[in-house]
Amino acid sequence: MMRYLLTFILLGFCSASQAVLNIEITEGVEGSLPIAVVPFQWTGGVKFANADVSAIIASDLARSGKFSPLPNKDLVAYPKQPEDVHFPSWRMIGVDHLVIGGVKQEAPDQYLVHFRLFDVLKGEQLLGYSFAATRSSLRSVAHRVSDHIIKSLTGLTGAFDARISYVTARQSPATKGVTYLLQAADTDGFNAQNLLTSSEPIMSPAWSPDGEQLAYVSFEHGIAEIFIHNIYTAKRELVSKFKGINGAPAWSPDGTRLAITLSKDGNPDIYILDLVSKSLTRITKHWSIDTEAVWMPDGKSLVFTSSRSGKPQLYQIAVAVNARPKRLTFEGNYNANASISSDGKTVCFVKGENNSFKVAVLYLDTGLIQIVTDGPLDESPEFSPNGSMILYASQYKGKPVLEAVSTDGRHKQRLGLSDGEVREPAWSAVKK
Amino acid sequence: MKNYLLVVLMAMTLAACDQNVKPDADAADDSSGAQVGAVDDAGAGQALSVSYDEAAINDANSVLASRVIYFDFDSSKVTGDFVELVKHHGKYLSANAGASIRLEGHTDERGTREYNVALADRRAQSVKRLLMFQGASSSQITVISYGEEKPAQLGHDEEAWGLNRRAELVYQ
């Protein structure tokens, strides 16, 4: 049952392509903390619509699932300076925290974004920062402010000043073909950047730990090949083109190796490609399917999907030659495509049952599994860098969309594409 | 719109020549392994006593005109009449060393994308083993796995899924 408690739509600004992500919060804001973000005052220049800093902060806080920003019409005052804040009137309306700030234009393309975060109950300032920005970095700076607020109030490392990548597919009636695009965008869907356009499939984008490179599979030469693509320099390197499958790239936590799936020796098995020495180490050796490896945060083991028991299940294996895998999932006959939270304690994956594929969360310490989405065709789940949300691909009204759900399943939002299909989301750890 | 109609027509044609599309909650798992020579698919052991000349591939009335093999859910086992069909193609390749094919493996949209790439690869490999058992040479066959990325039929129902779980023989 969908509860449209809070819905707002942000129309994405899009510089490099037509694709625009629209974000809606569709489910659940119960238990989130009331916070007031007072619209920032602009001085020395005119506010422009694409960089409404305080609105960006409020929407990030809402999307985190941890906060319920007050609508502007419910604000009791518009304080600009700390001395203007009258705490009792904010307490009266039940607000726990208050954000005030402003944007000051200092030169034609030089801005200063300043903000303060207050604990309303204690009547104390918790944070106060200012950041330099240019016109093109104002949105990014706003996301950074959100990350600071979230870190201060929840202890979680914020993840909004980051990039997400995704693959889109557009049916072209003219050529009867499909155009595949690999794109990257801010976490709110703005500033979309087109990285690759192809008439053949693009799959499995994965961010390097430094957030500068994407590894992905492209069929652009009629076969599956793995590329590494620097999103800032646009430099591209072909790193794997063995006979058969070249798939499922996953970066090691130190960014020096890729776990990949190859079938060159007869079956899909997991290998580790050293990006410096280019040497290849075989990790699994089994006649069944082994694929979809991801790294534990300590870099010492991998979690992967294997059909060695007859049906796809998750296994963990040490990064070593001749290591023996340990089975992690036992319930049901389709458990696949793991992503691991940054603290290494939780695994999210796709659980298939009776023709319905949903995202589930496995708590490694207890072995308990919780299903957090509704299906029926949910796939490609990936934790946000701070582990509080899971981004995944789903279907809405028969159309592929991206959705994000809080790890406890209570809070949900949809990132729909205005044009074409969107799939395979990946969330970068940090933004350069 | 024209394009859509074409897809529907193609799908209808495919459906007409496919008696084996069925949902299978508990399809027999392919545990035959992929070690070459370990073929244990039903009937694979019997060699076919037919011979094809080079032009046979262009005969629209020949069994060779059928070039799509369909599979059960999460299975890479060639079943039923498709075993016979693959054998005929194997005989053709065996008799015509100059012929070569591209074997494309596909899955339906259910399940995860990379697992489906692996599954589709195994489907194509199953077909390849059968072809080779009839005397086709490995060098005549190029395998490529697309997983769920290139559906033959758009849609989210059993009919579309059945048409998408396939291996296609593309003569080059």
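Residues numbered from 1 in each chain as written. Chains lettered and ligands numbered in written order. Predicted model: local features only at pLDDT ≥ 70, side-chain atom pairs only at ≥ 80, totals over all residues.

## Some thoughts on the overall build of chain B
Inference 1: When its secondary structure is counted, chain B shows four helices and four strands.
Inference 2: Reading the secondary structure of chain B in the N-to-C direction produces α-β-α-β-α-β-α-β.
Inference 3: The buried share among the 172 residues of chain B stands at 42%.
Inference 4: A separation threshold of at least 6 residues defines the contact pool for chain B, and within that pool the share at least 24 residues apart is 79%. (Helix = DSSP H or I, 4+ residues; strand = E, 2+ residues; numbered from the N terminus. Buried ≥ 20, exposed ≤ 12 C-beta atoms within 10 Å, placed from the backbone. Contact = placed C-beta atoms within 7 Å.)

## Structural notes on the sheet that holds strand β10 (residues 193–198) of chain A
Residues and elements named next belong to chain A.
Inference 1: With antiparallel pairing, four strands are arranged side by side in an open sheet as β10-β9-β8-β31. The outermost strands of the open sheet, each flanked by one partner alone, are β10 and β31 (421–427). Direction aside, the axes of adjacent strands within the sheet are offset by 20° on average. (Pairing = 2+ DSSP bridges. Axes fitted to C-alpha atoms, helices over the stretch in contact; angles between N-to-C directions.)

## What to know about the packing of helix α1 (residues 53–63) of chain A against helix α3 (residues 138–154) of chain A
Helix-helix packing is characterised by the crossing angle of the two axes and by the distance between the axes.
All names here are of chain A.
Inference 1: Contact pair α1 / α3: the axes reach a minimum separation of 9 Å and the direction vectors enclose 45°. In terms of axis orientation, α1 runs oblique to α3. Of the two possible hands of crossing, α1 and α3 adopt the one that is right-handed. Across the interface between the two elements, V53, I56, I57, D60 and L61 from α1 touch L138, R139, A142, H143, V145, S146 and I149 from α3.
Inference 2: Grouping the amino acids of the contact of α1 with α3 by side-chain chemistry returns eight nonpolar, two polar and two charged. (Parallel < 35°, antiparallel > 145°, perpendicular 65-115°, else oblique. Left-handed = near helix turned anticlockwise from the far one by under 90°. Nonpolar A, V, L, I, M, F, W, Y, C, P; charged D, E, K, R; others polar.)

## So, the interface of chain B and chain A
Inference 1: The interface is formed by 25 residues belonging to chain B together with 35 residues belonging to chain A.
Inference 2: Put simply, the parts of the chain that give the side of chain B that touches chain A at least two residues each are α3 (113–133) and β3 (141–147) of chain B.
Inference 3: Per-element accounting of the side of chain B that touches chain A gives the leading share, eight residues, to α3 of chain B.

## Overview of the nonpolar core
It is characteristic of soluble globular proteins that their nonpolar side chains tend to be buried jointly.
Inference 1: By size, the foremost hydrophobic cluster in this structure holds 106 residues, and its most contacted members are A250, L302, F349 and I390 of chain A together with V127 of chain B.
Inference 2: Per-element tally for this core: the top contributor is α3 of chain B, with 10 residues.
Inference 3: Other than its neighbours up to four places away in sequence, L302 of chain A contacts A259, I270, I283, A293, V294, W295, I317 and V319 of chain A.
Inference 4: Of all hydrophobic cores here, the second largest spans 34 residues; its members include I57, V95, V113 and F118 of chain A. (Core = buried A, V, L, I, M, F, W, Y, C linked by C-beta atoms within 7 Å.)

## A few points about the sheet that holds β3 of chain B
Neighbouring strands of a sheet are bound in pairs by backbone hydrogen bonds; such pairs are parallel or else antiparallel.
Residue and element names in this part refer to chain B.
Inference 1: What the four strands build is an open sheet, ordered β1-β4-β2-β3; its pairing is mixed. What marks the edges here is a single partner per strand, and that holds for β1 (68–70) and β3. Neighbouring strand axes in the sheet, compared pairwise and without regard to direction, differ in orientation by 15° on average.
Inference 2: Summarising the sheet, strand β2 (residues 101–106) and β3 pair through six bridges and their orientation is parallel.

## Let's talk about helix α2 (residues 81–95) of chain B
Residue and element names in this part refer to chain B.
Inference 1: Between its first and last C-alpha, α2 extends 22 Å over 15 residues, near the 21 Å set by a 1.5 Å rise per residue.
Inference 2: By the burial criterion, the buried members of α2 are F82, L85, V86, K87, H89, G90, K91, Y92, L93 and S94.
Inference 3: Looking at the packing, one finds that the buried side of α2 touches β1, β2, α3 and β4 (166–171). (Expected span 1.5 Å × (residues − 1).)

## So, α3 of chain A
All names here are of chain A.
Inference 1: Taking 1.5 Å per residue as the helical rise, α3 with its 17 residues ought to reach 24 Å, and the 24 Å between its terminal C-alpha atoms agrees with that figure.
Inference 2: Summarising burial for α3: 13 of the 17 residues are buried, a large majority.
Inference 3: Among the residues trailing α3, G155 stands out with phi positive, at a value near 80°.

Keep in mind these numbers describe shape, not what the thing actually does.
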